[in-house]
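The chain contents come next:
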Amino acid sequence: MKIDLGALRLLESEREIPFDELVVIIEQAILTAYHKHVGHDSEARAQINRKTGELNILEVETDDEGNELGEADVTPDDFGRVAALAARQVINQRLRALADDTLLGEYKDREGTIAAGVIQQGTDPRLVQVDLGTIEAVLPPEEQTPGEQYRHGDRLRVFITKVERGNKGPSVIVSRTHPGLVRGLFELEVPEIHNHLVEIASTAREAGHRTKIAVRALQPGINAKGAAIGELGSRVRAVTSELGDEKIDIVDYSEDLATFVASALSPAKVTRTEVVSEELKAVRAFVPESQLSLAIGKEGQNARLAAKLTGAKIDIQPDRA
């Protein structure tokens, strides 16, 4: 039989798979098919003529004493269909692997960014499938926002957390709880952040409930907090809408820890702060007694997020002065 070398040359030019590589993998696949066909292994090899495409199975011949005499053509007469099937299978496998490599590279470069997708119906109700256009990503239970509903056909934005090679091709894991999702959404909504005029210095998030972000201007004359909020709150409102109305506090970042803690406890009004220990980053914050519950927050959430945002240990006390 003959292998269509023209088709292999076309694959070489279109898919940039070297011609010799294709020939070698086809020869290996055909040899495996030959051994299955005859029902035993032998010292044989498949050879494709690089000029004519002619395929032969060559087997080592030996004399009675085991000395090699050369090679004999042992290609079975009924082997053409089997060889053709083996060649097609190995070419398809190579093309799938190449496509997988392309996808893997594309999404590996997008790891740590956000993407828009459409929710698809999956076989496992716990795993949400998200169609990103060229691949279906997986939103596992631990990356799903508590209380959020994921309905087939809904559009949503996700954060790409991990891209790796799986058993069935590239595997993309996405998240709706990662703080990076909030960062990415603000980059989309706030030109000053996208253009690196304003920076999100730190974030703290309890997905589905509340997020705090600290912003600072990287260029004089820019109101970082105002830029992030937008006119009449339009920019922050667009982000909260994408997150299912999750509350977002935007505060001013400061290199001075005491000042930063005071801002981070927003919306509570802090009357004064003092650094108890520089080494332990311990800060005592004083608030009016009427604002104490607001500073602490429901189940301690506001204080907990402020501590995470600033990296400080915060002791909140009523200001009775």
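Right above here is the structure, for reference.
Let me begin by describing the structure that accompanies this report. Residue positions are given per chain, counting from 1 as you read along its sequence in written order. The predicted origin of the model limits local features to residues at a pLDDT of at least 70 and limits the giving and counting of side-chain atom pairs to 80 or more, whereas totals for whole chains, interfaces and linings rest on all residues. Only hydrogens and water are set aside; all other atoms, that is, all heavy atoms of the structure, feed into the side-chain values.

Each helix is a run of DSSP H or I of at least 4 residues and each strand a run of E of at least 2, with the numbering of both proceeding from the N terminus. Across its full length, the protein chain holds ten helices and 14 strands. Radius of gyration: over C-alpha atoms. The globule rule applied is 2.2 Å multiplied by the number of residues raised to the 0.38 power. For the protein chain, the C-alpha radius of gyration of 32 Å lies well beyond 20 Å, the compact-globule estimate for 321 residues. With the principal axes as the frame, the protein chain shows a C-alpha extent of 110 × 45 × 45 Å. Entry remark: accessible area of the protein chain is about 17,900 Å², with carbon and sulfur atoms responsible for 47%. The method behind every accessible area is Shrake-Rupley, applied with a 1.4 Å probe, and residues are considered shielded solely by the protein chains displayed.

Here, nonpolar core means buried Ala, Val, Leu, Ile, Met, Phe, Trp, Tyr and Cys residues that are tied together by side-chain atoms lying within 4.5 Å of each other. Only protein chains enter the calculation, and the probe is 1.4 Å; a residue is then buried if its accessible area is under 20% of its type maximum, exposed if over 50%, and partly exposed in between. By size, the foremost hydrophobic cluster in this structure holds 28 residues, and its most contacted members are Leu 8, Ile 26, Ile 30, Ile 48, Ile 57 and Ile 91. Of all the secondary structure elements, the ones that give two or more residues to this core are helix 1 (5-15), helix 2 (19-38), strand 1 (44-48), strand 2 (55-62) and helix 3 (80-108). Contact between two residues is taken to exist if any of their heavy atoms lie within 4.5 Å; hydrogens are not considered. Excluding residues within four positions of it along the chain, Ile 57 makes contact with Ile 30, Tyr 34, Ala 44, Arg 45, Ala 46, Ala 72, Asp 73, Val 74, Thr 75 and Phe 79.

What follows covers the environment of Leu 197. Structurally, the position occupied by Leu 197 is in the loop between helix 5 (191-194) and strand 9 (198-206). For Leu 197 and Ile 222, which are 25 residues apart along the polypeptide, the C-alpha to C-alpha distance reads 7.9 Å. Dropping the residues within four chain positions of it, Leu 197 is found in contact with Glu 192, Ala 217, Leu 218, Gln 219 and Ile 222.

Okay, the sheet that holds strand 13 (residues 282-287) next. Following DSSP output, two strands are said to pair if at least two bridges run between them. Here three strands make up an open sheet; going across it, the order is 12-13-14 and the pairing mixed. Each edge of the open sheet carries a strand with a single partner, namely strand 12 (272-277) and strand 14 (313-318). Neighbour-to-neighbour, the strand axes of this sheet turn through a mean angle of 25°, independent of strand direction. Of the strand pairs in this sheet, strand 12 and strand 13 are connected by five bridges, and their pairing is antiparallel. Only the stretch in contact is used when a helix axis is fitted, and all axes are lines through C-alpha atoms; the angle between N-to-C directions ranges over 0 to 180 degrees.

Attention now goes to the layout of surface pockets. Cavities and pockets are defined on a 1 Å grid built over the protein atoms alone: a cavity is a set of grid points where a 1.4 Å probe fits but cannot escape, while a pocket is an open set with protein on both sides within 12 Å along at least five of seven lines, and lining residues are those with an atom within 4 Å of any such point. Grid points are joined across faces, edges and corners, and a volume is the space filled by probe spheres set on the points. Empty space within the largest pocket amounts to approximately 200 Å³. Lining of the largest pocket is provided by 13 residues; of these, Glu 148, Arg 155, Leu 156, Arg 176 and Glu 242 occupy positions nearest its centre. For the lining of the largest pocket, the secondary-structure elements that each account for two or more residues are strand 7 (155-166) and helix 7 (234-242). Across the lining of the largest pocket, the residue classes break down as four nonpolar, three polar and six charged. In the scheme used here, Gly and all other residues not listed as nonpolar or charged are polar, with Ala, Val, Leu, Ile, Met, Phe, Trp, Tyr, Cys and Pro taken as nonpolar and Asp, Glu, Lys and Arg as charged.

Here the focus is the pattern of salt bridges. Salt bridge criterion: a side-chain nitrogen from Lys or Arg within 4 Å of a carboxyl oxygen from Asp or Glu. According to the stated counting rule, one finds 20 salt bridges in the structure shown. For the salt bridge of Arg 45 with Glu 71, the shortest nitrogen-to-oxygen distance reads 2.7 Å. Of the two residues, Arg 45 is situated in strand 1 and Glu 71 in strand 3 (residues 68-73); the sequence distance between them amounts to 26 residues. Arg 205 serves as the salt-bridge partner of Glu 246, at 3.0 Å between the closest nitrogen and oxygen. Pair noted here: Glu 246 is in the loop between helix 7 and strand 11 (247-252) and Arg 205 is in strand 9, with a separation of 41 residues, a long-range link. Both residues of the pair, Glu 246 and Arg 205, count as buried. In this structure, a network of salt bridges that share partners links the residues Glu 148, Arg 157, Arg 176 and Glu 242.

What follows covers the side chain of Arg 210. Residue placement: Arg 210 occurs in strand 10 (residues 210-217). If near-sequence neighbours (up to four positions away) are discounted, Arg 210 is found in contact with Ala 204, Arg 205, Glu 246, Lys 247, Asp 249, Pro 267, Gln 301, Asn 302 and Leu 305.

A few words now on the packing of aromatic side chains. In this analysis, rings of Phe, Tyr and Trp, with Trp reduced to its six-membered ring, are considered paired at centre separations within 6.5 Å, and the interplanar angle assigns stacked below 30 degrees, edge-to-face beyond 60, and tilted for intermediate values. In the structure shown here, the tally under the stated rule is two aromatic pairs. Between Tyr 34 and Phe 79 the ring centres are 6.0 Å apart and the planes differ by 90°, which places this aromatic pair in the edge-to-face class. Here Phe 79 lies in the loop between strand 3 and helix 3 and Tyr 34 lies in helix 2, a separation of 45 residues in the sequence. Residue Tyr 34 is classed as buried on the basis of its relative accessible area of 4%. Taking 4.8 Å as the distance between ring centres and 70° as the angle between the ring planes, the aromatic pair formed by Tyr 253 and Phe 260 counts as edge-to-face. Take Tyr 253: its relative accessible area is 24%, and that puts it in the partly exposed class.

All right, on to the packing of helix 2 against helix 3 then. Look at helix 2 against helix 3: their axes get within 8 Å of each other, and the N-to-C directions meet at 135°. On the basis of their axis angle, the class for helix 2 and helix 3 is oblique. At the point where helix 2 passes helix 3, the crossing takes the right-handed sense. Residues Glu 21, Ile 25, Ile 26, Ala 29, Ile 30, Ala 33 and His 37 of helix 2 form the contact with helix 3, whose own contacting residues are Val 82, Ala 83, Ala 86, Ala 87, Val 90, Ile 91 and Arg 94. Of the residues in the contact of helix 2 with helix 3, the class split is eleven nonpolar, one polar and two charged. Comment on the angle field: the value is read as roughly parallel under 35 degrees, roughly antiparallel over 145, roughly perpendicular from 65 to 115, and oblique elsewhere. Handedness of each helix crossing follows the sense of rotation of the near helix against the far helix: counterclockwise by less than a right angle gives left-handed, clockwise gives right-handed.

Distances and angles like these do not, on their own, reveal function.
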